[in-house]
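Close look at the chain arrangement
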Amino acid sequence: MTNRRSPQRLVVLVSGTGSVMEALLRSAEDEAFGARVAAVVSDRPGVRALEIASDAGVATAVVSPGEFPDRATWDEALARTVATFEPDLVVCAGFMRLLGAPVLSRWPGLIVNTHPALLPSYPGAHAVRDALAGGAKVTGCTVMLVDEGVDTGPILAQSAVDVRDNDTEESLHERIKAVERALVVDTVGRMVRDGWTVEGRVARLG
């Protein structure tokens, strides 16, 4: 992949408090970062992430599944909404829904997501709990490109987090989130500045 324009436009998908999105907003204040957040789109109205984005002067939109008759119609509406902001990259930052074919086919290889484990270990919705139950001594977070599977896309970057003997799911997840924010900012910045390549299931930055 090569940069098409600078700064590149990010559309960030959120479902909650928006800590990763906020980290991207702060980083994008520096022109050297190479990208700006063009819009924040949520599947839930009234979440903190929308408030943070609005306060920062960033465009926001809500595409709530409850307002559509079925999943397919919502998928199409989400794709149309994201497209209005002309993204170079779509970043899932705590977005709690799987993306359907309308979004995946419109931005193939241009959708970034994070996962609170070192993939391919512990995929799925309960990665932190599963790592603890599995007796892992080290876990972490992964930034990857989104494909049609669940946590199966090419891996862009990973950071490790030690599991402590007294960890609960909550305490471990909080430490992972702190590492995750930094990793997403670093990875997206490198992507927009230096590009990336994908060969099969292997992704390389720069």
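Thresholds, definitions, all that
Residues numbered from 1 in each chain as written. Predicted model: local features only at pLDDT ≥ 70, side-chain atom pairs only at ≥ 80, totals over all residues. Heavy atoms only, no water. Helix = DSSP H or I, 4+ residues; strand = E, 2+ residues; numbered from the N terminus. Rg over C-alpha atoms; globule rule 2.2 N^0.38 Å. Buried < 20%, exposed > 50% of the residue type's maximum accessible area, 1.4 Å probe, protein only. Contact = heavy atoms within 4.5 Å. Areas by Shrake-Rupley, 256 points an atom, 1.4 Å probe, with all protein chains shown as cover. Disulfide = S-S within 2.5 Å. Pairing = 2+ DSSP bridges. Expected span 1.5 Å × (residues − 1). Axes fitted to C-alpha atoms, helices over the stretch in contact; angles between N-to-C directions. Parallel < 35°, antiparallel > 145°, perpendicular 65-115°, else oblique. Left-handed = near helix turned anticlockwise from the far one by under 90°. Nonpolar A, V, L, I, M, F, W, Y, C, P; charged D, E, K, R; others polar.

Here we look at the overall build of the chain
When helices and strands are counted, the chain shows 6 helices and 9 strands. In summary, the chain has a C-alpha radius of gyration of 16 Å against a globular reference of 17 Å for 206 residues, a match within 12%. C-alpha extents for the chain along the principal axes are approximately 45 × 40 × 35 Å. Taking all 206 residues of the chain together, the buried fraction comes to 50%. Taking the intrachain contacts of the chain between residues at least 6 apart in sequence as the baseline, contacts between residues at least 24 apart amount to 63%. Carbon and sulfur atoms make up 49% of the accessible area of the chain, which totals about 10,000 Å².

Considering the state of the cysteines
What the rule picks out here adds up to 0 disulfides. No disulfide involves C92; its sulfur sits 15 Å from that of C141, the nearest cysteine.

Details of the pairing of strand β4 (residues 89-92)
Residue alternation in β4 divides its side chains into two sets, L89 and V91 and V90 and C92, and both sets are buried. Where strand β1 (residues 8-14) lies against β4, 4 bridges are found, and the strand directions are parallel. Looking at the pairing, L13 lines up with C92 of β4. As paired elements, β4 and strand β5 (residues 111-115) share 2 bridges and run parallel to each other. Bridge pairing links V90 to I111 in β5.

Overview of helix α6 (residues 169-194)
Between its terminal C-alpha atoms α6 stretches 36 Å, which fits the 38 Å expected from 26 residues at 1.5 Å a residue. Within α6 the residues assigned to the buried category are L172, R175, I176, E180, L183, V184, V185, T187, V188, G189, M191 and V192. Just past α6, the residue G195 takes up positive phi, approximately 80°.

Some words on the environment of E67
Along the polypeptide, E67 turns up in the loop between β3 (59-62) and α3 (71-83). Sequence separation between E67 and V138 is 71 residues, and the spatial gap between their C-alpha atoms is 41 Å.

Quick notes on the packing of helix α1 (residues 19-28) against α6
Viewed as axis vectors pointing N to C, α1 and α6 meet at an angle of 45°, and their least axial separation amounts to 9 Å. The angle between the axes of α1 and α6 places the two elements in the oblique class. For the crossing formed where α1 meets α6, the hand is right-handed. The residues of α6 that touch α1, namely those facing S19, V20, A23, L24 and S27, are E180, R181, V184, V185 and V188. Taken together, the residues of the contact of α1 with α6 sort by class into 6 nonpolar, 2 polar and 2 charged.

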